Amino acid sequence: MRMTEKLKRRQVLRGMIGGAAVTVALPYLDCFLNSNGTALADGTKLPVVFTNWFQGLGFSPGFWEPKTAGFNYENNMLLKPLDAFKKKITVFSGMRAYTDGNVVVPHESGAQVCQAGGVTKKGQALPTIDTIIADAVGTRTRFRTLEVRCDGRTETFSRRSASSSNPAENAPLALYNRIFGAEFQDPNTSDFTPDPAVIARKSVLSAVAERRKTLMNQLGTADKTRLDEYFTSLRQLEQQLDLQLEKPEAVPSCRVPAAAPEDGPRSADMVNVRRNHLLFSQILAHAVACNQTNVLGVSLSGGTGGSALRKAGTSQTFHTLTHEEQVDPKLGYQPTVAWFQNEVVEIIREYLTAFQSFKEGPNSLLDRSLIMYSTDNGDAKTHSQLNLPLILMGGAGGRIKEGQHIVANGQTVSRVGLTIQQIMGIPVSSWGTESNATSQPFTEVMA
Amino acid sequence: MRKFGLVLGLGLAVAGQAAAAETSGHLVMRRLTPEQYENIIAETFGRDVSSGARFSDQTREGGLIAISASKTTVTGPELEHFDSLARTIAEKVVDKGHRNALVPCKPASIKDADDACARQFLTDVGRSLYRRPLTKDEADAIVLAAGDAARTQKSFYDGLAHGLAGLMISPDFLFRVENVKADGTLDAYSKASRLSFFLWNTQPDEALLKAAEKGNLDTEKGLAREVDRMIASRRFETAVRAFFSDLLMFDDFNALSKDAMIYPRFTQQVIKDAQEQTMRTLVDLLLTKRSDYRDIFTSRTTFLTPALGSLYRMPVPKTTPNMEPADWVEVQYPENDPRAGILTHASFVALHSHPGRTSPTLRGKALREILLCQRVPDPPGNVNFTVVQDSSNPLYKTARERLNAHATEAMCTGCHKITDPMGLALDVFDGAGTYRTTENGAAIDTSGTLDGVAFKNAVELGNVLHNHPGAPKCLVTRLASYGLGRVPAAGEKTWIEAMQADFAKAGYRVPDLFKSVATSAAFFKVANEK
Amino acid sequence: MRLVRGPLYFLAVASVLCASGAHAETRGFVIAQFFPAFHSQEGDCAGGMNLNTGDQYDIGLVQAGYDEKQVAEWARKAEDKALITSFRDERHRAIRDRATINGKKVSAWVNPQATPDPNLNTVTSKFALGFDLDGKEGAAGFENPMTGEKGVDNQYFRALGCFTAHRGSYSDRPATWSYMWDIVAPAMPAWLMSVTADDFKNGAATVSFYRAREHIERDVNNNVLPDLTFRIDPDLRSQVSFKAEIKDGVVSITEHGNLHAVWGEMVLLTDLRLGNTHLRLSLRDDGSADGVLGGYQPWKDTISDGYRSAMGADSLGEYWNIRKLADANPDPKTGANQDISVAYRINAVPAFLIPPPQ
């Protein structure tokens, strides 16, 4: 029954190629999600949403690495606030950013290697992982990426090239208006115009499919079976395009936020930063649920800009404290620095909570999210590029085996970036430059 | 399912003939390897239009991935990957920075279709990608699709990119599909492809396609001329590397991990360099010097980097300025050195070890299976390995003592006798490849026998392997299998034996062996099966 | 020898560093860690710890003549902006221009001598690492907590030990140093050392220092990679040898000459120049070595431009403390001491050293 409809649609689309774009109005289907909520009714998976979550200055070494390796790890002091989400979190420890004889730029080099796979040399710029992912999966949504920063500033590490860095929204109200303002097309009510590029791809795939008959005649039985499998794969690809040519499925979980947020002061006081972050994460969750984007960038503060984060009522910034505060001999760490780090983890928890509480069927937005926490230093006190903490969070639509602590001593952090790209379905077999080049994703976290 | 699928299925059943006799070998449709995919893209469009092809898993059959490439298909996620890759490459080819160099004509309008220009480009490129000229129907279909796309998107180059992407996800590109002439023999273009993938690991160049067109590959003389030309080309090294990388299972390095506390020098750099050390040694010996193949087991010449120097505890100076990547240094081990031949390379001893300790058994098994084509049975399911695994047990200080204790269990003795003596000779190289003379304070005894011939240490083991008649025979079998994409059939035994004899007679020169395979009738054989 | 004990492997290399004596062996090392040898303990600053940079700046501004209210206002504004401060910022201009020459406000970083001495706290404890350089116990002499040696001269520690960013011990690097070292070490040509002796337990020895032509590498656990090969820089300025003796595996320099190491890239110290060089180096069974290097260092060498803008301590306070505590080599004209007693920690791992082409 559905097949007949598809074939008709193919004919319709084919007839329309070369003509004017046609608005196709299609009837609603009343059940869009299958029983486990991970897919649309016809089996198409909901997209995985990637978040590049950054905060500089890292965590004090020895106090964040889980105490045990593998599954069911035991969290160390600093990551304890994430205990409730442990099954959806994989922590990587011992990894480093190779700087290959380049002078280390204290609050940039490590972040660059985590996010772009290598140290950026003068006059060059490597694309960051969020833009790589956005280029691959973000083309079907209204926004390729949405970037926010919570301490009032707008710079981020995110960039596609030397000349195109991605500035962040620094105020929740502006972000809200950008997404849910006048140009917002509610997927549950609007008309639909098919994308001509998809129509074009469809006709190319049809041309490829025509090869089947001739080829099949040339081959032996075993090879016929293999070729038949190839054409089945091709058919799946065509079906994906068919879906894109239909009016987007209504998104039952898409809701416009009830009210526009109120902006607070643009300052780096932790109270304010945390408030901004919470507002941002709620708006972003709504945006993702309404299919506005699949790639997010969240910077709590910047790299060196991390210096600006302050505890209310004190003059010392987080950054200065990492260098100046004495290690408490009894505790073994810098106490105020640890307070900031604890705040950062609490804020990460709030991000996870915002996505977890957004339900899509029996699952949540967190279940189809892949969130990478990365930072700039393994030990901010010494600007160390060793033992950088990297954390992957969320269920990635079932494509990841979360809940592990992976000890990867001395290995380049770009392995995590490669893993993420492959999880996101990007066709890369290797990533990174010089010593950070790797062709080894962490297959143990790939489902 | 496609509506004409059923009709086709019936048609095939009618066209199908009797299955091939087991003795003749049959036609196989091979999937491109990721390396071949990348090589073809680079040859066609240049290195800067990079790719990044991958298949989800590569299994090994008959000791080779090349054989399993004849049995695998393209799954849905893989095709999605290749579709995305094809579009990325196609967009780059037609972008402003590349189109002038890569597209041979200019459209009448960049905002509209131009079938003539699209045809010129797509048939040109199609010939390179499909390794044969496009048929008229194929050309018409892809030009039509590109034209449709150009009109829909109001851009000639967007249309062209769609057409090109179509070529790159087609089965004619992703698989090595071969054509059989009416008389049942392989057509000339399919011959050219077999040659070029075997001798270059990439598609035929224009000269080879021309030779195919003219029928040169159908004559003994013409074929020999092309094979000689190809072996003389720099690209031949690529193929030799691809073959040995497959043979020596270097793909396993992707999954190799070592215990950082036990082997802290086994860095990512070492993993890269260890493979390249062996490759450079092989290329130098077998191609540059045209030495006897068996010398790979005894040669005291190798190539090292400072990172390997640290692993091997040998001085290897950097020869490049600070901040620049290290260059390779040619090294000659002295006569009394404990190292000689590829068995003592980290690429062998570290690859065939456990993460935190050596494994005489794995090393011996690898030696027999990879280099002698022998089959070592897997251990039975219910074995107690505790004694072998506990290298801290004060009762058994060395691996030999532990294995002896383990092998007192009768059911283990038989197999361990096959593998362990050679592995124990290599036990002076720890699980990362660093030389040592003791384990837990006890001296390591490296003596043993291989198929009845005694040796005192790893260097002598190399000599024994050098003189083992099975080693060069194994190489011939493996190379033939690699070239055919299948295990040679029973009826091809005579052919293999003849090549083994020729290989020995001519002094075990590997380039000559490639030529023997590439110029043999069996190499171009077609199945009766259709 | 460690370097040439094995046969020569390389046709390309004429010779690996060779020992001179018939039976002598030379062991090569690359210096993995180098940092001030401090011995910070609870209560070693009777005057209390010095303030953190920001608070000390405010005091400095008042000392430089600014109104307290003004200083407080600046501090408030600096917080309000919540951004990285820049020198365009009023407060920072004031901080920078705390020096006065001929009645004009000029940069304190360039003219620290033209600023008032903030008289910051110095170390008052009796213990320090280092050596008795002047042969006198003296009032300024410390006691070495590890060897019991009295009269230890380490005024550098005395000058800096009460700044949080400089606190350290035999095993712990001061924060300021460690981050500077970690920044440059991946790029800076490494610093090499060799010990030549017939017997590495007891007897005569020679200790040499060299600059390498390549930087250190790290192993999987981020420790400095041992057994790497380094080429010795042919620049003679960075090559120096000392007569030494070994007792129970501990190497000591016996003829205390000058040491010079050119460290162009090192932010804290572009040149390491020591007079009256002392060394106490323990040779470990695993091939590594660790110990203390000491001597008199021109005090101005320890105050480079990079130093002045370094984070973590009041740099004018450091300047005045070091200058005041300089304890050797008086200027013939002014009588002011030009050198200060110092001690540095050395950790080294085995390496192959290749001498420069002749």
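Residues numbered from 1 in each chain as written. Chains lettered and ligands numbered in written order. Predicted model: local features only at pLDDT ≥ 70, side-chain atom pairs only at ≥ 80, totals over all residues. Heavy atoms only, no water.

1. Structural notes on the overall build of chain B
Logical step 1: Counting its regular elements, chain B contains 24 helices and 8 strands.
Logical step 2: The long-range share in chain B, meaning contacts at least 24 apart out of those at least 6 apart in sequence, stands at 71%.
Logical step 3: Split by element, the accessible area of chain B, about 21100 Å² in all, is 53% carbon and sulfur. (Helix = DSSP H or I, 4+ residues; strand = E, 2+ residues; numbered from the N terminus. Contact = heavy atoms within 4.5 Å. Areas by Shrake-Rupley, 256 points an atom, 1.4 Å probe, with all protein chains shown as cover.)

2. Section: the packing of aromatic side chains
Logical step 1: By the definition in use, this model includes 39 aromatic pairs over all chains.
Logical step 2: Aromatic side chains A:Tyr230 and B:Phe175 sit 6.0 Å apart centroid to centroid with 85° between the ring planes, which places their arrangement in the edge-to-face category. Of this pair, A:Tyr230 sits in helix H7 (residues 221-245) while B:Phe175 sits in strand E2 (residues 175-176), placing the two residues on different chains.
Logical step 3: Given a relative accessible area of 0%, A:Tyr230 falls into the buried group. (Phe/Tyr/Trp six-rings, centres within 6.5 Å; stacked < 30°, edge-to-face > 60°. Buried < 20%, exposed > 50% of the residue type's maximum accessible area, 1.4 Å probe, protein only.)

3. Overview of the interface of chain B and chain C
Logical step 1: The interface of chain B with chain C comprises 31 residues on the first partner and 24 residues on the second.
Logical step 2: When residues of chain B are sorted by the area they lose upon contact with chain C, B:Pro315, B:Pro317 and B:Asn322 head the list and together hold 28% of the total.
Logical step 3: Our count for the chain B to chain C interface comes out at 2 salt bridges.
Logical step 4: Linking chain B with chain C are 9 residue pairs in polar contact (both at pLDDT 80 or more).
Logical step 5: Class assignment for the residues of the side of chain B that touches chain C results in 17 nonpolar, 8 polar and 6 charged. (Buried area = accessible area lost by both parts, 1.4 Å probe. Salt bridge = Lys/Arg side-chain N within 4 Å of Asp/Glu carboxyl O. Polar contact = N/O pair within 3.5 Å; in protein donor to acceptor, adjacent residues only side chain to side chain. Nonpolar A, V, L, I, M, F, W, Y, C, P; charged D, E, K, R; others polar.)

4. Observations concerning the confidence of the model for chain B
Logical step 1: Residues with a pLDDT of 70 or more make up 91% of chain B, whose mean pLDDT is 87.
Logical step 2: Here residues 1-26 of chain B is modelled with pLDDT under 50, and outside its nearest four sequence neighbours on either side it reaches 36 contacts, counting other chains as well. (pLDDT = per-residue confidence, 0-100.)

5. Digging into the interface of chain A and chain B
Logical step 1: Taken residue by residue, the interface counts 53 residues in chain A and 64 residues in chain B.
Logical step 2: Roughly 4900 Å² of surface becomes buried between chain A and chain B when both sides are summed, with 56% attributable to carbon and sulfur atoms.
Logical step 3: For the interface between chain A and chain B, the tally reads 3 salt bridges.
Logical step 4: Between B:Glu138 and A:Arg211 there is a salt bridge, with the nearest N and O atoms lying 3.0 Å from each other.
Logical step 5: Summed over the shared surface of chain A and chain B, the result is 13 residue pairs in polar contact (both at pLDDT 80 or more).
Logical step 6: Going through the elements one at a time, helix H1 (2-16), helix H5 (196-209), helix H6 (211-218) and H7 of chain A are the ones with two or more residues in the side of chain A that touches chain B.
Logical step 7: Residue contributions to the side of chain A that touches chain B peak at 15 residues, all from H7(A).
Logical step 8: Looking at the side of chain A that touches chain B residue by residue, the classes come out as 23 nonpolar, 17 polar and 13 charged.

6. With respect to the side chain of A:Thr293
Residues and elements named next belong to chain A.
Logical step 1: Topologically, Thr293 is positioned in the loop between helix H8 (270-289) and strand E7 (295-299).
Logical step 2: Exposure remark for Thr293: the relative accessible area of 0% places this residue in the buried category.
Logical step 3: In terms of polar contacts, Thr293 uses its side chain to reach the backbone amide nitrogen of Val295, at 3.3 Å.
Logical step 4: Thr293 has contacts with Thr141, Phe143, Arg144, Thr145, Leu146, Ala287 and Val288, leaving out every residue within four places of it along the chain.

7. Some details on the packing of helix H10 (residues 188-199) of chain B against helix H12 (residues 220-232) of chain B
Residues and elements named next belong to chain B.
Logical step 1: Two elements in contact, H10 and H12, have axes separated by 10 Å at closest approach and are oriented at 25°. Classified by the angle between their axes, H10 and H12 sit roughly parallel to one another. When the axes of H10 and H12 are compared, the crossing they make is right-handed. Contact residues: H10 offers Leu195, Ser196 and Leu199, while H12 offers Leu223, Val227, Met230 and Ile231.
Logical step 2: Looking at the contact of H10 with H12 residue by residue, the class counts come to 6 nonpolar, 1 polar and no charged. (Axes fitted to C-alpha atoms, helices over the stretch in contact; angles between N-to-C directions. Parallel < 35°, antiparallel > 145°, perpendicular 65-115°, else oblique. Left-handed = near helix turned anticlockwise from the far one by under 90°.)

8. Considerations on the pattern of salt bridges
All names here are of chain A.
Logical step 1: Scanning the model with the defined rule gives 65 salt bridges over all chains in all.
Logical step 2: The salt bridge partner of Lys202 is Asp242, with a shortest N-O separation of 3.2 Å. Here Lys202, found in helix H5, pairs with Asp242, found in helix H7; they are 40 residues apart in sequence, far enough to count as distant.

9. Notes on the nonpolar core
Residue and element names in this part refer to chain B.
Logical step 1: The biggest cluster of nonpolar side chains holds 103 residues, and the ones touching the most others in it are Leu195, Leu199, Phe244, Tyr293 and Phe514.
Logical step 2: Residue contributions to this core peak at 9 residues, all from helix H14 (residues 268-288).
Logical step 3: Non-local contacts of Tyr293, meaning those with residues more than four positions away in its chain, are made with Phe244, Leu286, Leu371, Ala471, Pro472, Leu475, Phe503, Tyr508 and Val510. (Core = buried A, V, L, I, M, F, W, Y, C linked by side-chain atoms within 4.5 Å.)

10. Details of the pairing of E7(A)
Residues and elements named next belong to chain A.
Logical step 1: The buried fraction of E7 amounts to 5 of the 5 residues, a majority that puts the element mostly inside the structure.
Logical step 2: Every second residue of E7 is oriented toward a common face, with Val295, Gly297 and Ser299 on one face and Leu296 and Val298 on the other, all of them buried.
Logical step 3: Bridge count for strand E1 (residues 49-54) against E7 is 5 bridges, and the pairing is parallel. Looking across to E7, one finds that Thr51 is bridged to Leu296. (Pairing = 2+ DSSP bridges.)

11. Points about helix H4 (residues 172-180) of chain A
All names here are of chain A.
Logical step 1: Pro172, Leu175, Tyr176, Ile179 and Phe180 are the residues of H4 that are buried. Seen end-on, H4 carries its buried residues on one side only, within an arc spanning 100°.
Logical step 2: Structurally, H4 contributes buried residues whose contacts are with strand E4 (146-149) and H8. (Arc of directions from axis to C-beta.)

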